[in-house]
Amino acid sequence: MSTSKATKPSPADANFYQLLRQQFPKDLSKPAIYDDAGVYSWADLEQGSAMIANLLQGLKLPAGSRIAVQVDKSVEAVMLYLATLRAGHVFLPLNTAYQSAEVAYFIDNAKPAVVVCSPANFGWVSKLAFQNGVGSVFTLGDNRTGSLLERAMHCAAVHTPQPVKASDLAVIIYTSGTTGRSKGAMLSHGNIASNAQTLKTYWGWRKDDVLIHALPIFHVHGLFVAIHGALLNASPMIWMKKFDPQQALVHMQRATVFMGVPTLYVRLLAQANLNAKAVRNMRLFVSGSAPLLADTFDEWHKRTGHTILERYGMSETVMLTSNPYQADARYNNATQRRGGTVGFPLPGVTLRVVNDSGESVAQGEVGHIQVQGPSVFAGYWQMPEKTAEEFTADCFFKTGDVGKIDAQGYVSIVGRNKDLIISGGYNVYPAEIESVINNLPGVAESAVVGIPHADFGEVGVAVVVARSNTAVESAQVLAALKSQLANFKVPKHCVVVADLPRNTMGKVQKNILRQTYEKAFA
Ligand code: MLC
Ligand code: AMP
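So what exactly am I meant to see when it comes to unusual backbone geometry here?
The phi torsion of most residues other than glycine is negative, and most of the peptide bonds are trans. Look at R144: it is not a glycine, yet its phi comes out positive at around 60°. Locating R144 in the fold gives a position in the loop between β6 (136-139) and α6 (147-152).

I keep staring at the pairing of strand β3 (residues 66-70) and nothing clicks. Help me out?
Working note: regular strand, side chains alternate between the two faces of the sheet. The buried count for β3 comes to five of five residues, which makes it a mostly enclosed element. Note: β3 against strand β4 (residues 90-93), four bridges, orientation parallel. When the sheet's bridge partners are listed, I67 is paired in β4 with F91. In this region the chain leaves β3, passes through helix α3 (residues 75-86) and returns to the parallel neighbour β4; the handedness of that crossover is right-handed. Alignment of β3 against strand β5 (residues 114-117), held across four bridges, turns out to be parallel. Of the residues in β5, the one forming a bridge with I67 is V114.

Can you walk me through the site of ligand 2 in this structure?
Taken together, the neighbourhood of ligand 2 is formed by 16 residues, with R311, S315, D401, K418 and N427 sitting nearest. Within the backbone of R311, a nitrogen or oxygen atom sits 2.7 Å from a nitrogen atom of ligand 2. Between ligand 2 and the protein, one listed contact pairs an oxygen atom with a side-chain N or O atom of D401 at 2.6 Å. Looking at which element gives the most residues to the shell around ligand 2, the answer is strand β13 (residues 309-314), with five residues. Among the residues forming the shell around ligand 2, the class breakdown is six nonpolar, five polar and five charged.

So what exactly am I meant to see when it comes to the sheet that holds strand β16 (residues 350-354) here?
Two pairing modes exist for strands in a sheet, parallel and antiparallel, and in both the strands are linked by backbone hydrogen bonds. Within the open sheet, the four strands sit side by side as β16-β17-β19-β20. Their pairing is antiparallel. Looking at the sheet topology across the chains shown, the edges are occupied by β16 and β20 (411-416). Averaged over all neighbouring strand pairs, the angle between strand axes comes to 45°, with direction disregarded.

Looking at this structure, how should I read the packing of helix α2 (residues 42-58) against α3?
Working note: a packed helix pair is described by the angle between its axes plus the distance between those axes. In contact at an axis separation of 8 Å, α2 and α3 are set at 55° when each is read in the N-to-C sense. As the angle between them shows, α2 and α3 are arranged oblique. The handedness of the crossing between α2 and α3 comes out as right-handed. Counting all contacts with α2, which are made through D44, L45, E46, G48, S49, A50, I52, A53, L56 and Q57, the residues of α3 involved are V75, E76, M79, L80, L82, A83, T84 and R86.

Honestly, the packing of aromatic side chains in this entry has me stumped. Any pointers?
Describing an aromatic ring pair means giving the distance of the ring centres and the angle of the ring planes. Inspection of the entire model under this criterion finds 20 aromatic pairs. With centroids separated by 4.0 Å and ring planes inclined at 0°, the aromatic side chains of Y331 and F344 adopt a geometry described as stacked. Of this pair, Y331 sits in the loop between β14 (318-322) and β15 (344-345) while F344 sits in strand β15, and the two are 13 residues apart along the sequence. Among the aromatic side chains, those forming a connected cluster through ring pairs are F243, F258, Y265, F285 and W300. Taking the ring centre of Y34 as reference, the NZ or CZ of R254 above it sits at 4.7 Å. The cationic tip of R352 hangs over the ring face of F396; the distance from NZ or CZ to the ring centre is 3.6 Å.

Is there a simple way to think about the site of ligand 1 in this case?
Taken together, the neighbourhood of ligand 1 is formed by 23 residues, with K242, R267, S289, R311 and K492 sitting nearest. For ligand 1, an oxygen atom lies 2.6 Å from a polar atom in the side chain of R267. Here an oxygen atom of ligand 1 and a side-chain polar atom of S289 are 2.6 Å apart. Taking 1,000 Å² as the accessible area of ligand 1 by itself, protein coverage stands at 76%.

Is there a simple way to think about the environment of V366 in this case?
Tracing the backbone through its elements, the reader meets V366 in the loop between β16 and β17 (367-372). Judged by relative accessible area, V366 falls into the partly exposed class, the value being 46%. If sequence neighbours within four positions are ignored, V366 has contacts with V353, V361, V402, G403, K404 and V414.

Cut-offs and rules
Residues numbered from 1 in each chain as written. Chains lettered and ligands numbered in written order. Predicted model: local features only at pLDDT ≥ 70, side-chain atom pairs only at ≥ 80, totals over all residues. Heavy atoms only, no water. Helix = DSSP H or I, 4+ residues; strand = E, 2+ residues; numbered from the N terminus. Buried < 20%, exposed > 50% of the residue type's maximum accessible area, 1.4 Å probe, protein only. Pairing = 2+ DSSP bridges. Right-handed = clockwise from strand over helix to strand, strands pointing away. Near = heavy atom within 4 Å. Polar contact = N/O pair within 3.5 Å; in protein donor to acceptor, adjacent residues only side chain to side chain. Nonpolar A, V, L, I, M, F, W, Y, C, P; charged D, E, K, R; others polar. Axes fitted to C-alpha atoms, helices over the stretch in contact; angles between N-to-C directions. Parallel < 35°, antiparallel > 145°, perpendicular 65-115°, else oblique. Left-handed = near helix turned anticlockwise from the far one by under 90°. Contact = heavy atoms within 4.5 Å. Phe/Tyr/Trp six-rings, centres within 6.5 Å; stacked < 30°, edge-to-face > 60°. Lys NZ or Arg CZ within 6 Å of the ring centre and 35° of its normal. Areas by Shrake-Rupley, 256 points an atom, 1.4 Å probe, with all protein chains shown as cover.

Structure representation (structure tokens):
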């Protein structure tokens, strides 16, 4: 079988794997991924994903079945992603930090046909899955173990990708909501393909590029921006299971592209041996998922001579804006990557800033960011009302971010009108944490706010009020949260107070709490 002939896909032949496969190098024995365990070739990716795709197809699931995956980072997990695309099913990645109540919600909401979990979690995950009517539960370890590979080993290593339309679903990414319950953002083959192609050109991917892959693969940044970028350019990836700044510096000797959330740059800057010589082979440093502080941007330039390229995106939209890599003819051939900005709307993206009444604001004025474009999602999984609320009548998506556009066209994000904390690149919704705290014995009410933090950018602080005549200990609150929530959601500090500040309408004044605890991690 061969899908390598570069033909234009027909409308029913928009399987994103097909597009990726067309870009694989002619010589499939070349290295595709350098992992601690060895080197994976392009043939390994093609054949490994074919075997898993055949296994999935052998299950005779309806097209578009959800394949929920909560596994540690591995190359085989990438094969499973590619296999899901090939088989015409929908990949549903889950953060490995999620605990049973969180996973139970996703399984109940998404009704996956297949769940793949790490061998260590098989007991509790399979119980949840079978209770919810999931047909098959497989395991996949990060050391090539587990029932998924054992079963796939017996399947054929050739597979023709299922024909799909560009509008058919490829991935559902869950993003928490202000109500504390996650919404599944539905992304189609067309959404992810168009964004990957746009970034390939906009970031000037070169034939000799080598990407350091240092991010988790259950979110848009690591799964789409990084993996799609490398695969679509036939560039090898150096695979890091977990980010380690010293190891990353070693890899920079032979890599050219690095992508990270701001925390990774902060941690790299803490290394005494980070200097221009250490990164002399590098071409491009990309940052996103959270605001990059001006200090980090400036310090990086001073230490390495490189200017970090900051871009902005969301699970619902993939990438929306980017600072220029090369002269952007749409903006007077601007080449400058400006700290504190997220650059220009990507080609094909329309971005506008509006006031509370939905009217466009004057240039330079702050307002709500709304977007339209080929990578903007189709809506939230089985939440038509929520989807309708998040789109304007003229079909712009309301990002929930607040920003402005300057005279040269650079977009800056200055805040959010969603109550959201972004910690180390992960989203934490205070409402979710507050509802867990409020259910703890002895608690009357609580508020969780984001406080500046040198390493994670922002972290949560929980402010708790006890019921009258009841004693509540902060340590107990934190321990209870740790036992129920993904670790990154647990506030880094908790204080018990007599009452919460409120305005005349009775609403908790979170701005006052933020000011009060502003220096908690200074
Ligand atoms: C880990 N911890 C965190 C945390 N990560 N706390 C707050 N925020 C985080 N992000 C906590 C753990 O609970 C633990 O606490 C302690 O820190 C150490 O855990 P660890 O697992 O050793 O942490 P570490 O491996 O150092 O992880 C830090 C990190 C990781 C920054 C490398 O968080 C990370 O990979 N972040 C990237 C997230 C990402 O890819 N986002 C993209 C989203 S897509 P304790 O108390 O248990 O010891 C998106 C769209 C877009 O936003 O535009 O890209
Ligand atoms: P997620 O839901 O995990 O996809 O997170 C998307 C959110 O991350 C966006 O709505 C922004 O609030 C934030 N974000 C992503 N990139 C940037 C950036 N470069 N600067 C500031 N915020 C960002």
